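A look at the structure
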Amino acid sequence: MTWMLCGFVILFTLQQVNATPRLLAAVSARYGRGGARLGLAAVVLAATAMILIGHARAAYTYVWLPPAQVRTLILPLMFIAFIFVAAALVPSNLRCFTRRPALWGVVLWSIAHLLAKENLAAIVFFAGFGLLALAELGSLSRRGIRRSHNYQAWLRESLTVAVGGIMFIVVFFAHGALFGASPAMLSRPFG
């Protein structure tokens, strides 16, 4: 758990460096633009590895039993999360409403998993990524990142939903093999 928490502290610190133009300019001035990017990317990869190792090694500490009614929210939340991620990959009107739709997808992904998980390590893991995405969303205006005003035909939104749906289906069926927990288990009673 300590590794995971340290990894999140490092990522939150780097997010603040990236969100503060003066700090980012100072780092770029000292190491050069390419060197700063390479160094920050290496630290992000190391922090992510720390989080994954910390999560894998954490002891199972039972916290709560999610209510059975919550199961009905998890899959629709995940489907919407994948649509937001798809909106970041293909032209979409969602970019006109939010600057970074993929970050909102991460927030929804985090919420859906927090509703399904009952152990402390998983709660810290998903809450950490959700809070990191919210912190990044909060810093967008400080960096002057604006929403898109490039409106698409609403018919093209079907491409966003189709790509998000395909990603959802692929992850749904591969989730058990990749992560050891099958979303199909949501249909079974807890306990």
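The structure reproduced in this document is the subject of the present report. The model shown is predicted, which means the values in this text are computed figures rather than measured ones. (Residues numbered from 1 in each chain as written. Predicted model: local features only at pLDDT ≥ 70, side-chain atom pairs only at ≥ 80, totals over all residues. Heavy atoms only, no water.)

1. Re a nonpolar patch on the surface
- Where nonpolar side chains cluster on the molecular surface, the patch consists of Tyr60, Tyr62 and Leu65 and spans about 370 Å² of accessible area.
- Among the structural elements, leucine 65 can be located in the loop between α3 (33-57) and α4 (71-89).
- Residue classification places leucine 65 among the partly exposed residues on the basis of a relative accessible area of 47%. (Patch = residues over 30% accessible without salt bridge, like charges linked within 9 Å, V, L, I, M, F, W, Y side chains within 5 Å. Areas by Shrake-Rupley, 256 points an atom, 1.4 Å probe, with all protein chains shown as cover. Salt bridge = Lys/Arg side-chain N within 4 Å of Asp/Glu carboxyl O. Helix = DSSP H or I, 4+ residues; strand = E, 2+ residues; numbered from the N terminus. Buried < 20%, exposed > 50% of the residue type's maximum accessible area, 1.4 Å probe, protein only.)

2. Some remarks on the packing of helix α6 (residues 101-116) against helix α7 (residues 120-139)
- Viewed as axis vectors pointing N to C, α6 and α7 meet at an angle of 155°, and their least axial separation amounts to 8 Å. Accordingly, the angle class assigned to the pair α6 and α7 is roughly antiparallel. When you trace α6 past α7, the crossing you get is left-handed. Together, Leu103, Trp104, Val106, Val107, Trp109, Ser110, His113 and Leu114 of α6 and Ile123, Phe125, Phe126, Ala127, Phe129, Gly130, Ala133, Leu134, Glu136 and Leu137 of α7 make up the contact between the two elements.
- Among the residues forming the contact of α6 with α7, the class breakdown is 14 nonpolar, three polar and one charged. (Axes fitted to C-alpha atoms, helices over the stretch in contact; angles between N-to-C directions. Parallel < 35°, antiparallel > 145°, perpendicular 65-115°, else oblique. Left-handed = near helix turned anticlockwise from the far one by under 90°. Contact = heavy atoms within 4.5 Å. Nonpolar A, V, L, I, M, F, W, Y, C, P; charged D, E, K, R; others polar.)

3. Quick notes on the nonpolar core
- Ranked by size, the top nonpolar core spans twelve residues in total: Met4, Phe8, Leu11, Ala47, Ile51, Ala58, Ala121, Ala122, Phe125, Phe126, Phe129 and Leu132.
- At the level of elements, α1 (2-19), α3 and α7 are the ones that each hand at least two residues to this core.
- Among the elements that make up this core, the one with the highest residue count is α7 (six residues).
- Beyond its immediate chain neighbours, meaning those up to four positions away, phenylalanine 126 contacts Trp109, Ser110, His113, Leu114 and Lys117.
- Counting eleven residues, the second-largest nonpolar core is a separate cluster that includes Val70, Leu77, Phe84 and Ala112. (Core = buried A, V, L, I, M, F, W, Y, C linked by side-chain atoms within 4.5 Å.)

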